[in-house]
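Inside the fold
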Amino acid sequence: MNEGLTLDDLAAPLRALRLLAADFGHLSAPAVRVTPIYPERLELAFHDDLAGFEGWRDALGIAPDAVTHGTQSGGRTRVLRSSIEYAGAELELVAYARIPAEALVGAAA
């Protein structure tokens with residue numbers, strides 16, 4: 001952890017969050033993360049809400065090909081991730097969605 005940081009040291013992601021709330025308050029509510037471990041980053045995470053992720057991606061003008069796709073939890077969870085510079089902060093969009101069991105069975109065949 002970055003010891004000695006103050007709340008002022010998190011000003012960039014907090015300012016970005018304030019602007020996002022003002023400009024995009026009509027979009028799906030994400031889980032929001034600001035941490036002194038990455039003091040310049042604002043993370044917006046969507047759990048089982050790929051449509052929410054896509055709404056934010058589109059509103060922020062992030063190209064679809066700028067999104068990375070992967071899996072975690074032994075291939076049971078889909079992960080979408082993209083990041084941009086926004087209002088002086090690194091804005092990271094992340095989405096997690098369960099992969100249906102029937103899709104996992106079909107992929108193993």
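It should be noted that the structure appears before, not after, this text.
Now for a description of the structure that goes with this document. (Residues numbered from 1 in each chain as written. Predicted model: local features only at pLDDT ≥ 70, side-chain atom pairs only at ≥ 80, totals over all residues. Heavy atoms only, no water.)

**Digging into the pairing of strand β3 (residues 68-72)**
Taken together, the 5 bridges between β3 and strand β4 (residues 77-86) define a ladder with antiparallel strand orientation. Paired with Q72 across the strands is T77, a residue of β4. The turn linking β3 back onto β4 is made up of 4 residues, and S73 within it adopts a positive phi angle of 55 degrees. (Pairing = 2+ DSSP bridges. Helix = DSSP H or I, 4+ residues; strand = E, 2+ residues; numbered from the N terminus.)

**Looking at the nonpolar core**
Ranked by size, the top nonpolar core spans 19 residues in total, and within it L20, L44, W56, L60 and L93 carry the most contacts. Among the secondary structure elements, those contributing two or more residues to this core are α1 (11-24), β2 (38-47), α2 (50-59), β4 and β5 (89-98). Setting aside residues no more than four positions away along its own chain, L44 makes contact with L20, P30, A31, V32, W56, L91, E92, L93 and V94. (Core = buried A, V, L, I, M, F, W, Y, C linked by side-chain atoms within 4.5 Å. Buried < 20%, exposed > 50% of the residue type's maximum accessible area, 1.4 Å probe, protein only. Contact = heavy atoms within 4.5 Å.)

**Here we look at unusual backbone geometry**
Glycine aside, negative phi is the norm for most residues, and most peptide bonds take the trans geometry. Located in the positive-phi region is D48, a residue other than glycine, with phi close to 55 degrees. Tracing the sequence through the fold places D48 in the loop between β2 and α2. Owing to a relative accessible area of 45%, D48 belongs among the partly exposed residues under this scheme. At A87, a position not held by glycine, the phi torsion is positive, near 50 degrees.

By themselves these figures say nothing about function.
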